[in-house]
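Geometric and topological summary
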Amino acid sequence: MIQHVRRKLASALPAVPEVNIPISSLLQTAVESVLQIRLRFGTVLMAGLIVTALVRPEAIPPHALFTFSLALCADRSGLVYLKIRRLR
């Protein structure tokens, strides 16, 4: 009974084209080293705020610095640099 239902569903749905997904080159070759650097925008902005608050304390009020720090800690956007060296 279940085979009949599957056949009806298979005939009603559009055919899925066969696509070969290549295996990552990481899995195909030996890896010597991997370097990954993650730079979060919130961290860069927070460092700038702290330096500004240390150089000119009157520029940023303490409550504003606290509010900015909470908002920047929640920010997860950033840049990722990935370098893979393979054996030759």
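Along each chain, residue indices are assigned from 1 in the same order as the chain's sequence is written. The model is predicted, so local features are restricted to residues of pLDDT at least 70 and side-chain atom pairs to those at 80 or more, both for listing and for counting; the totals for chains, interfaces and linings are taken over all residues. To obtain the side-chain values, all non-hydrogen atoms of the structure were included, while hydrogens and water were left out.

We now examine the side chain of S69. A run of DSSP states H or I qualifies as a helix once it reaches four residues; a run of E qualifies as a strand once it reaches two. Both are numbered from the N-terminal end. With respect to the secondary-structure elements, S69 resides in helix α4 (residues 62–74). A polar atom in the side chain of S69 sits 2.6 Å from the backbone oxygen of F66. Nitrogen and oxygen atoms within 3.5 Å of one another constitute a polar contact, given that in protein one can donate a hydrogen and the other can accept it, and given that sequence-neighbouring residues count only through two side-chain atoms.

Salt-bridge detection follows one rule: a side-chain nitrogen of Lys or Arg within 4 Å of a carboxyl oxygen of Asp or Glu. Taken as a whole, this structure holds 1 salt bridge when the rule is applied. R56 is the partner of E58 in a salt bridge, and the nearest nitrogen-oxygen pair spans 3.8 Å.

As a further point, take the packing of helix α3 (residues 41–55) against α4. It is the contact of α3 with α4, at a shortest axis distance of 9 Å, that shows an interaxial angle of 165°. Accordingly, the angle class assigned to the pair α3 and α4 is roughly antiparallel. The chirality of how α3 crosses α4 is left-handed. In contact with G42, L45, M46, L49 and A53 of α3, α4 contributes L65, F68, S69 and L72. Its residues assigned to classes, the contact of α3 with α4 comprises 7 nonpolar, 2 polar and no charged. Fitted lines through C-alpha atoms serve as axes, helices being fitted only where they are in contact, and the angles separating the N-to-C directions of these axes extend from 0 to 180 degrees. To sort the angles, those under 35 degrees are grouped as roughly parallel, those over 145 as roughly antiparallel, those from 65 to 115 as roughly perpendicular, and the leftovers as oblique. If you view the pair so one helix is near and one far, a crossing is left-handed when the near helix is turned anticlockwise from the far one by less than a right angle, and right-handed when it is turned clockwise. In what follows, residue pairs with any heavy atoms lying within 4.5 Å of each other are defined as contacts. Gly is placed with the polar residues, together with every amino acid not listed as nonpolar (Ala, Val, Leu, Ile, Met, Phe, Trp, Tyr, Cys and Pro) or charged (Asp, Glu, Lys and Arg).

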